[in-house]
Amino acid sequence: MRRYSNIQIVLHWAVVLMIIAQWWTAAAIPRTHSPLLPPTASDLFQHKVHNYCGMTIGVLIALRVALRLARGFRQAPRMSNWQDRAAAFVHWGLYAALAAQALTGFIASYYWGPMAGIHRAIWNVTLALISVHVAAAAWHGLRRDDVLARMLPSKQS
Ligand code: HEM
Ligand code: HEM
């Protein structure tokens with residue numbers, strides 16, 4: 001595999017957009033649970049968006065892992081073995097962190113409130129992995145190799 005398939009590319013960028021939505025909406029959740037103030041309509045809406053987007057991310061991550069295992073992976077050209085291993089670690093780490101985040105959020109919301117602490121802790125792991133991943137993407141962009149193009153739409157896929 002040189003490039004990701006169109007469906008893998010669409011899923012990658014859809015999940016990126018939804019993670020931004022998760023980050024954006026998360027702050028409204030504690031406000032909907034405040035014992036002092038009644039929740040505003042906007043906070044309740046954001047809580048809803050967070051829950052449904054989060055569950056959708058969980059489903060899409062399962063789909064992405066299935067596609068990834070089915071299609072396999074080919075090392076990008078001009079990548080050394082340690083770079084390839086680091087990329088694999090971060091990519092599988094991101095899948096695991098996002099799956100765990102979706103699961104713990106679901107449990108915290110509907111079954112067991114204290115799980116929220118673990119949900120928040122996993123966010124720090126997710127954020128650290130995303131930072132490394134985006135820094136690596138920027139490095140590939142500066143280096144002008146064809147790694148970024150593997151995850152961008154193209155006419156011949
Ligand atoms: C991969 C998907 C998800 C991401 C990236 C995500 C991200 C976040 C973030 C960043 C926070 C705030 C953390 C903080 O304040 O430090 C948060 C809080 C929360 N999320 Fe999610 N979330 C996801 C999925 C879900 C799902 C599926 C649900 C429920 C169905 C959910 C329910 C909650 C709740 C209830 C809180 C508030 C926890 C509290 O402070 O009491 N999340 N989430
Ligand atoms: C929320 C942020 C992001 C998450 C969770 C994420 C997640 C992932 C994952 C899990 C993979 C591995 C795909 C696989 O092989 O199964 C991947 C690949 C990739 N991502 Fe992201 N990504 C994010 C943001 C970005 C951004 C902002 C860029 C570019 C600026 C980017 C560029 C790429 C590229 C180029 C690849 C392919 C790497 C390769 O072919 O070796 N990602 N991403």
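Residues numbered from 1 in each chain as written. Chains lettered and ligands numbered in written order. Predicted model: local features only at pLDDT ≥ 70, side-chain atom pairs only at ≥ 80, totals over all residues. Heavy atoms only, no water.

1. Digging into the pattern of salt bridges
Then comes step 1: In the structure shown here, the tally under the stated rule is two salt bridges.
Then comes step 2: Where D43 meets R31, a salt bridge forms, and the shortest distance between an N and an O atom there is 3.0 Å. Highlighted residues: D43 in helix α3 (residues 41–71) and R31 in helix α2 (residues 28–32), separated in sequence by twelve residues.
Then comes step 3: The residue D145 makes a salt bridge to R143 at a minimum N-O spacing of 2.7 Å. (Salt bridge = Lys/Arg side-chain N within 4 Å of Asp/Glu carboxyl O. Helix = DSSP H or I, 4+ residues; strand = E, 2+ residues; numbered from the N terminus.)

2. As for the site of ligand 2
Then comes step 1: In the vicinity of ligand 2 there are 20 residues, among which H12, R68, Y95, H133 and R150 approach most closely.
Then comes step 2: A distance of 2.8 Å separates a nitrogen atom of ligand 2 from a polar atom in the side chain of H12.
Then comes step 3: Residue R68 places a side-chain N or O atom 2.7 Å away from an oxygen atom belonging to ligand 2. (Near = heavy atom within 4 Å. Polar contact = N/O pair within 3.5 Å; in protein donor to acceptor, adjacent residues only side chain to side chain.)

3. So, the side chain of R64
Then comes step 1: In this structure, R64 sits in helix α3.
Then comes step 2: Among buried charged residues, R64 stands out as having no salt bridge; its nearest opposite-charge side chain is D84, 15 Å away.
Then comes step 3: Non-local contacts of R64, meaning those with residues more than four positions away in its chain, are made with L11, H12, V15, Y95 and M151. (Buried < 20%, exposed > 50% of the residue type's maximum accessible area, 1.4 Å probe, protein only. Lys, Arg positive; Asp, Glu negative; His and termini not counted. Contact = heavy atoms within 4.5 Å.)

4. Concerning the coordination of the iron atom of ligand 2
Then comes step 1: Protein ligation of the iron atom of ligand 2 involves H12 (NE2) and H133 (NE2), the donor distances falling in the range 2.0 Å.
Then comes step 2: In this structure, the iron atom of ligand 2 is surrounded by six donor atoms whose angles at the metal cover 87 to 179°, and the resulting shape is octahedral. Of this pair, H12 sits in helix α1 (residues 6–26) while H133 is found in helix α5 (residues 115–143), placing the two residues 121 residues apart along the sequence. (Donors = N, O, S within 2.8 Å, 3.2 Å for Na, K, Ca; no water. Tetrahedral: all angles 85-135°; square planar, octahedral: opposite > 155°, others 65-115°.)

5. Quick word on a nonpolar patch on the surface
Then comes step 1: Taken together, the side chains of Y52, F106, Y110, Y111 and W112 present a nonpolar region at the surface, about 620 Å² in accessible area.
Then comes step 2: If you trace the backbone, W112 turns up in the loop between α4 (81–110) and α5. (Patch = residues over 30% accessible without salt bridge, like charges linked within 9 Å, V, L, I, M, F, W, Y side chains within 5 Å. Areas by Shrake-Rupley, 256 points an atom, 1.4 Å probe, with all protein chains shown as cover.)

6. A look at unusual backbone geometry
Then comes step 1: The residue R144 is not glycine, and still its phi comes out positive at about 55°.
Then comes step 2: Mapped onto the elements of the fold, R144 is located in the loop between α5 and α6 (147–150).
Then comes step 3: R144 sits in the exposed class, given a relative accessible area of 74%.

7. Observations concerning the packing of α3 against α4
Then comes step 1: Between α3 and α4, whose axes approach to 9 Å, the crossing angle comes to 145°. The handedness of the crossing between α3 and α4 comes out as left-handed. Contact residues: α3 offers H47, N51, G54, M55, G58, I61, R64, V65, R68 and L69, while α4 offers W92, Y95, L98, A99, A102, F106, S109 and Y110.
Then comes step 2: Looking at the contact of α3 with α4, its residues break down into eleven nonpolar, five polar and two charged. (Axes fitted to C-alpha atoms, helices over the stretch in contact; angles between N-to-C directions. Left-handed = near helix turned anticlockwise from the far one by under 90°. Nonpolar A, V, L, I, M, F, W, Y, C, P; charged D, E, K, R; others polar.)

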